[in-house]
Amino acid sequence: LGKAPVNRAYRCKHWFKRRKTSRSTRTTAASHTATAETPGRAARPGEPMEDQAAAAVLAHIEDQPHACLERLEALATRGKLPIAARGAAWRLFLRAVDPQKPKSWRRALADDRSAYAKKRDDALRRLKRVVDGAETDEALEDAADQIRKDCERCYIDGAGDHFAESTRQKALFDALLTWHCTSGDYRQGMHEVLATIWWALERSQNAASLYCPAPSSPLHALLPSADDLEADAFSLFAKLAQATRPVFDGFDGMTPSPHRRPPAVALCDDVQGRALAAVDEELHAHLERLEVLPQIYALSWLRTLFGRRYVAGDVCVLWDALFVDTACLSSKMVDAASLLVVWDRSALLRLNAADDCVARLLRPPAAPAPRLLVGLLNEKTGRRLVDALRRRAALEDVLGPSVVGAVLGPPDRTASGLSEEEDDYVDAALATLCMSGGSNVGG
């Protein structure tokens, strides 16, 4: 605040100097560091099984491209989509290509990449004219400055210092500036979504490198390419931003009025209202009585698609399931957010001031395993989670939280010993959460 426009212009010029790094240098840096900067891959439990599952899924896409969508959706909704197949699956889920026209995939992606390059160059030329003083556009200059700052401080939990590297920061800046100039206003939080997409594509490309489909096959076109990461990440981000536009919109295009809520605020209200009341009337009534404002905590969850609640690898598992039906994406995000509120119900019900509840929700405990949240979301079994948490709270009242924690472990770790390959994973996880002897928790 209070800085003169000349300082902002200077910072933009500094970024243009960094632009001299060639596209080939950028993509080479990304491809050479993909393996080293993919956190946890070498230590991932069950990696041989992951490789075998990935090979089977990729072979299915190659052999039956017309019929692969159903299998990918089934794996995603169960939290079992292999990392190597994620890049291909997201292209299909978000309709970057037409799932029913495999022969068109290569051309569609090539057209997307070419169109992005033109849009990016146009956006950068436009910004350069503003920076050089050839034309005046204070809104663009302000947006570019905000994007630059967000990209420079971009940190994705679980991705280490992946985005501390300057060429990645510049690629994020270019893509977000292109979005701002061609598709809609930039909003804070978008840089975290784009960065997570970029990270997921790099990780998928690295994992799929062991599988070598024929260059002429449709699968070959779908697999992420190190040379086109920026364009491909932008393409998926653009599709996702369109599907989640209400989360980023201040208003829905109609004339604002005191009686009309911005779409983003309406979604936050649904988290604590409709969705929470459907699974936990007690907690809903408690937060409403205290007049807790949901947008204070829920907006950052929704705008980052839960990137503020999960590490990168886990948030991608959640995204796999959310992306399956983008027509209902906003609604599913609201339902998932309400379950995250429920997850901390015992602590929230003990608080008797709105400020204390908000402070707790802004610094919540570790979230449930993504596979559990996905299962609860898709099976619409939120009430069973409430019942399991009530039983756990009753045990803590009798035995004390420390004893229950020592026996069962923290809530987010109670299912850590379970195999995620089990079909009854959700039942077993809920039973473990409250030390129930059976799998019919809440039955």
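Residues numbered from 1 in each chain as written. Predicted model: local features only at pLDDT ≥ 70, side-chain atom pairs only at ≥ 80, totals over all residues. Heavy atoms only, no water.

Asker: I'm lost on the nonpolar core in this one. Help?
Answerer: Most often, soluble globular proteins keep nonpolar side chains buried together rather than apart. Ranked by size, the top nonpolar core spans 127 residues in total, and within it Leu 72, Ile 197, Phe 306 and Val 341 carry the most contacts. Among the elements that take part in this core, helix α9 (residues 190–208) stands out by supplying 11 residues, more than any other. The residues touching Phe 306, leaving out its near neighbours within four places in the chain, are Trp 301, Val 315, Leu 318, Leu 322, Met 333, Ala 336, Ala 337 and Leu 340. (Core = buried A, V, L, I, M, F, W, Y, C linked by side-chain atoms within 4.5 Å. Buried < 20%, exposed > 50% of the residue type's maximum accessible area, 1.4 Å probe, protein only. Helix = DSSP H or I, 4+ residues; strand = E, 2+ residues; numbered from the N terminus. Contact = heavy atoms within 4.5 Å.)

Asker: Whenever I open this one, the environment of Ala 85 confuses me. Can you help?
Answerer: Looking at the element boundaries, Ala 85 is found in helix α5 (residues 83–93). Residues Ala 85 and Ile 61, spaced 24 residues apart in sequence, show a C-alpha to C-alpha distance of 9.2 Å. Those residues in contact with Ala 85, other than ones at most four positions away along the chain, are Val 57, Leu 58, Leu 72 and Ser 204.

Asker: I'm lost on the confidence of the model for the protein in this one. Help?
Answerer: Note: predicted coordinates in regions of low pLDDT should not be interpreted at a detailed level. Across the protein, the average pLDDT comes to 82, with 80% of residues at 70 or higher. Element-level pLDDT for the protein is lowest in helix α2 (residues 23–33), with a mean of 36, against a maximum mean of 97 in helix α14 (residues 281–289). Low confidence marks residues 1–6, where pLDDT is under 50. Its contacts with residues over four positions away, or in another chain, come to 2 contacts. (pLDDT = per-residue confidence, 0-100.)

Asker: Help me understand the environment of Ala 96 in this model?
Answerer: When you line up the elements, Ala 96 lands in the loop between α5 and α6 (105–131). As a C-alpha pair, Ala 96 and Lys 239 span 143 residues in sequence and 7.2 Å in three-dimensional space. Look past the residues within four positions of Ala 96 in its chain and what remains in contact with it is Arg 91, Asp 112, Ser 235, Leu 236 and Lys 239.

Asker: Please clarify how helix α19 (residues 354–362) should be interpreted in this entry.
Answerer: Note: α-helices contain 3.6 residues per turn, so residues at a spacing of three or four share the same orientation. Listed in full, the buried residues belonging to α19 are Cys 357, Val 358 and Leu 361. Buried residues of α19, viewed axially, fall in a sector of 100°; they line one side. Of the surrounding secondary structure, the elements contacted by the buried residues of α19 are α14, α15 (295–303), α17 (329–343) and α18 (345–350). (Arc of directions from axis to C-beta.)

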